[in-house]
Amino acid sequence: QVQLVESGGGLVQAGGSLRLSCVASGSIFSTMGWYRQAAGKQRELVATIANTGATNYADSVTGRITISRDNAKNTVSLQMNSLKPEDTAVYYCYVRALDTLRWYDYWGQGTQVTVSS
């Protein structure tokens with residue numbers, strides 16, 4: 001059974017930094033990453049990282065946010081710098097996990113990030 005444990009959300013002033021982490025367990029993981037959903041908006045990609053280390057970022061966060069992973073610990077982290085009020089959202093850990101020879105997408109419960117102006 002896939003489990004995702006997120007940590008690191010909170011309240012920060014504009015220009016500040018936060019680090020989110022997600023520990024995954026219960027399967028083999030390919031792509032891992034983070035999505036976010038602001039109030040009244042659809043969930044959107046923040047960044048993903050493949051097990052090869054290849055990364056993909058949303059244009060809105062490029063240069064401010066860095067994704068990393070530790071394959072030995074099945075952990076994916078998001079270092080967020082120069083945060084803006086528009087980064088305020090619930091951030092969801094995402095993994096693609098192997099289950100009975102097929103790949104499935106799983107999501108964490110979400111962690112709130114609030115950036116005050």
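(A) Seen up close, the state of the cysteines. Applying the stated criterion across every chain, the model contains one disulfide. The disulfide partner of cysteine 22 is cysteine 93, and the S-S distance across this bridge is 2.1 Å. Taking the sign of the torsion about the S-S bond as the criterion, the disulfide between cysteine 22 and cysteine 93, at about -85°, is left-handed. Of this pair, cysteine 22 sits in strand 3 (residues 18-25) while cysteine 93 sits in strand 9 (residues 89-99); the two residues are 71 residues apart in sequence, bridging distant segments of the chain. According to the relative accessible area criterion, cysteine 22 is buried, its value standing at 0%.

(B) Structural view of the pattern of salt bridges. A full pass over the atoms with the stated rule returns four salt bridges. The shortest N-O distance in the salt bridge between aspartate 87 and arginine 64 comes to 2.7 Å. You can see aspartate 87 sitting in the loop between strand 8 (75-80) and strand 9 and its partner arginine 64 sitting in the loop between strand 6 (55-57) and strand 7 (65-70), a full 23 residues away along the chain. In this structure, aspartate 87 and arginine 64 share a single accessibility class: buried.

(C) Representation of the packing of aromatic side chains in the model. Going through the model one piece at a time under the given rule, you end up with three aromatic pairs. Arranged with centres 5.6 Å apart and planes meeting at 65°, the rings of tyrosine 35 and tyrosine 94 form a pair that is edge-to-face. Of this pair, tyrosine 35 sits in strand 4 (residues 29-37) while tyrosine 94 sits in strand 9, placing them 59 residues apart in sequence. Their ring planes at 75° and their centres at 4.9 Å tell us that tyrosine 35 and tryptophan 107 sit as a pair that is edge-to-face. One end of the pair, tyrosine 35, is in strand 4; the other, tryptophan 107, is in strand 10 (residues 102-107), and 72 residues separate them in sequence. Feature note: the residues Tyr35, Tyr94 and Trp107 constitute an aromatic cluster, connected by ring pairs. Residue placement shows arginine 43 over the ring face of tyrosine 92; its charged tip is 3.8 Å from the ring centre. When the ring centre of tryptophan 107 is taken as reference, the NZ or CZ atom of arginine 43 above it lies at 4.8 Å.

(D) Examining unusual backbone geometry more closely. Look at serine 82: it is not a glycine, yet its phi comes out positive at around 50°. With respect to the element layout, serine 82 can be found in the loop between strand 8 and strand 9. Classification of serine 82 by relative accessible area gives partly exposed; the value is 40%.

(E) Region of the structure containing the environment of valine 12. Here valine 12 is to be found in strand 2 (residues 10-13). As for valine 12 and glycine 53, which are separated by 41 residues in sequence, their C-alpha atoms are 29 Å apart. Residue contacts for valine 12: discarding those within four places in its chain leaves Ser17, Leu18, Leu83, Thr114, Val115 and Ser116.

Cut-offs applied
- Counting restarts for each chain: residues are numbered from 1 in the order of the written sequence.
- In keeping with the model being predicted, local features are shown solely for residues with a pLDDT of at least 70 and side-chain atom pairs are shown and tallied solely at 80 or more, while totals for entire chains, interfaces and linings include all residues.
- By convention in this description, side-chain values take in all heavy atoms of the structure and omit both hydrogens and water.
- Here, a disulfide means two cysteine sulfur atoms that sit within 2.5 Å of each other.
- The secondary structure listing takes helices from DSSP runs of H or I that are at least 4 residues long and strands from runs of E that are at least 2 residues long, numbered from the N terminus.
- Here's how the labels work: a residue is buried when its accessible area is under 20% of the maximum for its type, exposed when over 50%, partly exposed in between, all with a 1.4 Å probe on protein chains only.
- For this analysis, a salt bridge means a side-chain nitrogen from Lys or Arg found within 4 Å of a carboxyl oxygen belonging to Asp or Glu.
- The pairing test for Phe, Tyr and Trp rings, Trp by its six-membered ring, is centres within 6.5 Å, and the orientation test on the planes gives stacked under 30 degrees, edge-to-face over 60, and tilted for anything in between.
- The rule is short: NZ of Lys or CZ of Arg within 6 Å of the ring centre and within 35 degrees of the ring normal puts a charge over the ring.
- The contact criterion used throughout is that any non-hydrogen atoms of two residues lie within 4.5 Å.

Keep in mind these numbers describe shape, not what the thing actually does.
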